[in-house]
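# Results of the structural survey
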Amino acid sequence: MATRTSPVEVAVPGGLTLRGTRYSPSDANADGGRWLLLHGWLDNSDSFAALAPKLCDADGAAFGDVVALDLAGHGLSDHRNGPYHAVDFAADAIYAANELWGEGCHFNVAGHSLGGGVALMVAGAWPDRIQRVAAIESAGALAGPAADAPSSLRKSCRRPPVGGSRRVFKDAADAAQRRAAKNVMADARFTEREALALTARGLEEVDGGVRWRTDPWLLRPSRLRLDPSQGLAFARATTAPALIVLAKDGGFARTGRFVDPSSWLVRVGSALAARVRPGAASFRGLGGAATLADLSARIRALRRRTVVTLPAGGHHVHLSEPDAVADAFVAWANGETDVYGALGA
């Protein structure tokens, strides 16, 4: 079965236009499979270019109308030219769905990393509209303790970004090589090949070569993060079946060992570590004890959860192992896994 692709443009409040790609099988039944796919921080919608066709080809009823969207400030979408927050991405997602499928439509939402956190926020805020929600290498938008709010605001305002200072690369291969070497998160599976998949939408030509289109404001620290209790509230409000896909060598791997954030023992142990050793309570990255406790609590608060742990693939597992991720999505969408179980090695 051949998957059709077509460009998508949607206008959202605030004067922004978001762009992406629509994937659909030739015999699509769109009413049964509307999916909005949201990428990770500093990536773009082409991070789903390998996965999306496999979903459509595997099951045209469950995945009949799949739209991968460039988030604001990424890829070919417009820039805010100002601060970004996860809640803004979530609002953009629901407005985009209204434009794509009609006001008040029902649909499914999935995302990777940042996009996974946004997807889970959408599912919690609009539980009456979300049929299924999936997060790849994510358990929700990263949070921070309320006590850090003053310093977060102060740090974010130290120096506004300067667009002209972005690095210029010789060509796409040069840009991809640098991105693979200095990825957002250390990831041995994110090679030049995976980075090249992001260049078509991610690079723009300038004097002397190419540079990433990314809005420089995305590189500034967040002015305000969710409080952990707010992140937990989104999870508790989610009623749709939820899929969490993790890789053993992905973002939750620390010092060569995978730490399963869905584990009750991890939740309790990391919470105790955060209390007993304040230095372990850092919310920076996925390895801090407080962060693990927070994300573990959110996963366990999802009422109809399935956690899939893949043996390998790294943080960008949907790019490096699209077949395995597609198999997990299709099995879950067809109800072939225990809704409270786990699939994979």
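Presented here is an overview of the structure given in this document. All residue numbers refer to position in the chain's written sequence, counted from 1. Residue-level local features of this predicted model are given only where pLDDT is at least 70; pairs of side-chain atoms are given and counted only at 80 or more, and the full residue set underlies all totals for whole chains, interfaces and linings. Side-chain calculation: all heavy atoms of the structure are included, whereas hydrogens and water are not.

For a regular strand, side-chain orientation follows a simple rule: the groups alternate between the two sheet faces. With a 1.4 Å probe rolled over the protein chains alone, any residue whose accessible area is under 20% of its type maximum counts as buried; one over 50% counts as exposed, and the rest are partly exposed. Each helix corresponds to a stretch of at least 4 residues labelled H or I by DSSP, and each strand to a stretch of at least 2 residues labelled E; elements are numbered beginning at the N terminus. Burial runs high along strand E3 (residues 34–38): five of the five residues are buried. Of the two faces of E3, the one lined by Arg 34, Leu 36 and Leu 38 and the one lined by Trp 35 and Leu 37 are each fully buried. Any two strands between which DSSP finds at least two bridges are classified as paired. The pairing of E3 with strand E4 (residues 65–69) spans five bridges and is parallel. Looking at E4, one finds that Leu 38 is bridged to Leu 69. One ladder, built from four bridges, connects E3 with strand E5 (residues 107–112); its direction is parallel. Bridged to Leu 36 within E5 is Val 109.

Judged by how many residues are buried, E4 sits mostly within the fold: five of five residues are covered. Because side chains alternate across E4, one face comprises the buried residues Asp 65, Val 67 and Leu 69, and the other comprises Val 66 and Ala 68, equally buried. As paired strands, strand E2 (residues 16–25) and E4 are joined by four bridges and run antiparallel to one another. For Arg 22, the partnering residue across the bridge sits in E4 and is Val 67. Crossover E3 to E4 through helix H1 (residues 51–58) is right-handed. Note on handedness: a crossover is taken as right-handed if, strands pointing away from the viewer, the path from the first strand over the helix to the second is clockwise.

This part covers the packing of aromatic side chains. Only centres within 6.5 Å qualify two rings of Phe, Tyr or Trp (six-membered ring in Trp) as a pair; their planes then separate them into stacked at under 30 degrees, edge-to-face at over 60, and tilted for everything else. Counted by the stated rule, this structure contains six aromatic pairs. Ring geometry for Trp 35 against Phe 63: centres 5.1 Å apart, planes inclined by 25°, an arrangement best described as stacked. One end of the pair, Trp 35, is in strand E3; the other, Phe 63, is in the loop between H1 and E4, with 28 residues separating them in the sequence. Comparing Trp 35 with Phe 63, the two get one shared label, buried. Between Phe 329 and Trp 332 the ring centres are 6.4 Å apart and the planes differ by 80°, which places this aromatic pair in the edge-to-face class. Of this pair, Phe 329 and Trp 332 both sit in helix H12 (residues 322–333), separated by three residues, roughly a single helical turn. The pair formed by Phe 329 and Trp 332 is uniform in burial state, with each residue classed as buried.

With that out of the way, let us pick up the pattern of salt bridges. Any carboxyl oxygen of Asp or Glu that lies within 4 Å of a side-chain nitrogen of Lys or Arg is treated as forming a salt bridge with it. Counted according to the given criterion, the structure contains 12 salt bridges. Ionic pairing is found between Glu 321 and Arg 189, a salt bridge with its closest N-O pair at 2.9 Å. Of this pair, Glu 321 sits in the loop between helix H11 (317–320) and H12 while Arg 189 sits in the loop between helix H5 (172–181) and helix H6 (192–196), and the two are 132 residues apart along the sequence. Because the salt bridges share partners, they merge into one network encompassing Glu 9, Arg 19 and Asp 78.

A few words on the nonpolar core. We define the nonpolar core as a collection of buried residues of types Ala, Val, Leu, Ile, Met, Phe, Trp, Tyr and Cys that are connected through side-chain atoms lying within 4.5 Å of one another. By size, the foremost hydrophobic cluster in this structure holds 53 residues, and its most contacted members are Leu 36 and Phe 107. Per-element accounting of this core gives the leading share, nine residues, to helix H2 (residues 86–101). Only heavy atoms matter for contacts: two residues are in contact if any of them lie within 4.5 Å across the pair. Those residues in contact with Phe 107, other than ones at most four positions away along the chain, are Arg 34, Leu 36, Ile 94, Ala 97, Trp 101, Val 122, Arg 129, Ile 130, Gln 131 and Arg 132.

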